[in-house]
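Below are the chains, spelled out letter by letter.
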Amino acid sequence: MTLLALDWAFTLEKIILIAIIISISLVVAMYATYAERKVAGFMQDRIGPNRAGPFGILQPLADGLKLFFKEEVIPNHSNKFLFILGPCLAMLTAMMTSAIIPWGGKVELGGRIVDLQVADINIGILYIFGVVSLGVYGMMIGGWASNNKYSLMAALRGASQAISYELALGIALIALLMLTGSLSLRTITDQQIQGNWWNIVYQPLGFLIFFICSLAECNRAPFDLPEAESELNMGYHQEYSSMKLGFFLFAEYINMFISCTVIATLFLGGYDMPFVDEAGLSGITALLVGLLALFGKTFFLIFVFMWIRWTLPRFRYDQLMNLGWKALIPLALLNMVITGAVVLFTMK
Amino acid sequence: MGITQLLFWFLTVLTLGSALMVIFSKNPIYSILWLIVTFFAISGHYILLNAQFLAIVNIIVYAGAIMVLFLFVVMLMNLNMPASPVKKKWMPFAGIISGGCLLLVLIAALKDTEAMRRELLMKSGDIGLINNLGMVLFKDYILPFEISSVLFLSAMVGAVVIGKKN
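Fair warning: this is a prediction, and the values are worked out from it, not measured in the lab.

(A) Region of the structure containing the overall build of chain A. Tallying secondary structure elements over chain A gives 13 helices and two strands in all. For 348 residues, the compact-globule estimate of 2.2 N^0.38 gives 20 Å, and chain A sits close to it at 21 Å. Taken along its principal axes, the extent of the C-alpha atoms in chain A is 60 × 55 × 50 Å. Relative to its full complement of 348 residues, chain A shows a buried share of 52%. A total of about 16200 Å² of accessible surface is found on chain A, and carbon and sulfur atoms cover 71% of it.

What follows is the structure, given as structure tokens:
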């Protein structure tokens, strides 16, 4: 069998890496819910969850257990297959982006060079794009299959919001690509480590646009219109109960974690620790320092996401569309033209 | 069979099977979902041909954008109940004739692919990678590329004009 010609050690290594990344994403998402409630408590001068365990540290576990034990209700007139497919797709697309993020440099472990990136494909950024554009399906299918007009309206809102903000997101990325000249996230990170500055210095406007669009793509406040509970009862997951609801909520936090990691990688140097020369460190130390740097940046960005959520009120739907189409897209185009001109006149 | 061949056959069966399911599904929502599966399988074929850019653009544009709009329309029209199509006697004949015409065009278009494939392989098979594709699009085919972008722009302007009338 030529099937056995596969490099089994390589395959095993990647499978272990994928398992680790997925478990880390899940744990981070779990504790992001806890962090969210603590931050909300802090912002509103409350204590936040403090009953389960010391400082309420076991609260996410208790919440998860509660969701697992709740009764599962599937509405009578809903499409059962699609009803179940919705949360599955939401979870799947939330997990998929993590495959191309470089979590650290290459390290030598037991005589093998291990790459802390599942796939270093030469179309990295476009892959992110593809997965982001698929992200709306979970919401749309779930909302429609619930057979509830509020869910349907929330799903339509969510889909149109995602499509509108994808454009500005893409144009902001194009400006970044003109600078880096590569689509691979590994190359982009390496350039930031070797160069003097992170990309945010060269692309402040692009960073801002990308950040705002990420907020919108993650359905975070002030862009949380698909879940506007004051207008739509609850949103696209109104009919969901038990762990299927948990999947939707969880997917949202995973999305937030992954998109913060992507922002950190693209604009904030990835696993580059500032003021430290990584080349001088030994393998394992460099790896740990890199991981610390990446997670530090990511957690700071997650905190900013939460900070914004508990500070700003929600947009009205027309304001949302105006911001997307009439402010962000022209700004992103302007950014792209300026970047293009600068690249043309200085670098060649 | 190597892993590539195995993947090829898997993707081929998936493409044809899901494409057939698009036609045979009673529920239009299922048709759309099967069409998305078809696009994914075709993207898999592109990756096997080492055309990663084409694969991902296929997913972004077709599976990601156009199919969402399809889904939008079907959801809003609520075509859930099976509509009884108006059946006329000449319909099957029209279908057979137009399908035959399509087959003819496809055969005419694809009959030289064997030769072209050899040519592609001679160029080391990495024509589909993004660097080479960019070079080809913006050097050799710059004029058709720009003309097609003008075409898209005019289509967008047209859509806005039609939308404004109401």
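(B) Structural detail: unusual backbone geometry. Residues and elements named next belong to chain A. The phi angle at Asp45 is positive, at roughly 60°, despite the residue not being glycine. Within the secondary structure, Asp45 sits in the loop between α1 (8-43) and α2 (59-69). Residue Asp45 is classed as exposed on the basis of its relative accessible area of 73%. In this structure, Ser242 takes a positive phi of about 55° despite not being glycine. Relative to the assigned elements, Ser242 resides in helix α11 (residues 242-267).

(C) Fine view of the interface of chain A and chain B. Counting residues at the interface gives 26 residues for chain A, matched by 27 residues for chain B. Buried surface at the junction of chain A and chain B, both sides included, amounts to about 2300 Å², of which 79% is carbon and sulfur. Contact with chain B buries surface across chain A, with Tyr137, Met140 and Trp144 of chain A losing the most and accounting together for 26% of the total. Inspection of the region where chain A meets chain B yields two residue pairs in polar contact (both at pLDDT 80 or more). Of all the secondary-structure elements, those providing two or more residues to the side of chain A that touches chain B are α3 (80-96), α4 (124-134), α5 (136-145) and α6 (149-180) of chain A. A total of six residues in the side of chain A that touches chain B trace back to one element, the largest contributor, which is α4 of chain A. Grouping the constituent residues of the side of chain A that touches chain B by class yields 20 nonpolar, six polar and no charged.

(D) The arrangement of the pattern of salt bridges in detail. All names here are of chain A. For the structure shown, the criterion picks out five salt bridges over all chains. Glu36 is the partner of Arg220 in a salt bridge, and the nearest nitrogen-oxygen pair spans 2.8 Å. Taken together, the residues Arg220 in the loop between α9 (204-217) and α10 (229-232) and Glu36 in helix α1 connect sequence positions 184 residues apart. A salt bridge links Arg37 to Asp63; the shortest N-O distance between them is 3.0 Å. One end of the pair, Arg37, is in helix α1; the other, Asp63, is in helix α2, and 26 residues separate them in sequence. Looking at Arg37, the relative accessible area reads 37%, which means it is partly exposed. Residue class for Asp63 comes out partly exposed when judged on its relative accessible area of 25%. Look at the salt bridges and you will find they share partners, linking Glu36, Arg220 and Arg309 into a network.

(E) Region of interest: the environment of Ala228 of chain A. Residues and elements named next belong to chain A. Counting through the fold element by element, Ala228 comes out in the loop between α9 and α10. Sequence spacing of Ala228 and Arg316 is 88 residues, and the spatial spacing of their C-alpha atoms is 9.9 Å. When near neighbours in sequence (up to four residues on either side) are disregarded, Ala228 contacts Arg157, Asn233 and Arg314.

(F) Layout of the packing of aromatic side chains. Residues and elements named next belong to chain A. This structure, assessed with the given rule, holds 19 aromatic pairs over all chains. For the ring pair Phe207 and Phe267, a centre distance of 5.5 Å and an interplane angle of 70° mean the geometry is edge-to-face. Here Phe207, found in helix α9, pairs with Phe267, found in helix α11; they are 60 residues apart in sequence, far enough to count as distant. The class for Phe207 is buried, based on a relative accessible area of 16%. Overall, Phe267 belongs to the buried group, its relative accessible area being 0%. Each member of the aromatic cluster is reached from another via a ring pair, and the members are Phe207, Phe210, Phe211, Phe267 and Phe305.

Procedures and definitions
Residues numbered from 1 in each chain as written. Chains lettered and ligands numbered in written order. Predicted model: local features only at pLDDT ≥ 70, side-chain atom pairs only at ≥ 80, totals over all residues. Heavy atoms only, no water. Helix = DSSP H or I, 4+ residues; strand = E, 2+ residues; numbered from the N terminus. Rg over C-alpha atoms; globule rule 2.2 N^0.38 Å. Buried < 20%, exposed > 50% of the residue type's maximum accessible area, 1.4 Å probe, protein only. Areas by Shrake-Rupley, 256 points an atom, 1.4 Å probe, with all protein chains shown as cover. Contact = heavy atoms within 4.5 Å. Buried area = accessible area lost by both parts, 1.4 Å probe. Polar contact = N/O pair within 3.5 Å; in protein donor to acceptor, adjacent residues only side chain to side chain. Nonpolar A, V, L, I, M, F, W, Y, C, P; charged D, E, K, R; others polar. Salt bridge = Lys/Arg side-chain N within 4 Å of Asp/Glu carboxyl O. Phe/Tyr/Trp six-rings, centres within 6.5 Å; stacked < 30°, edge-to-face > 60°.

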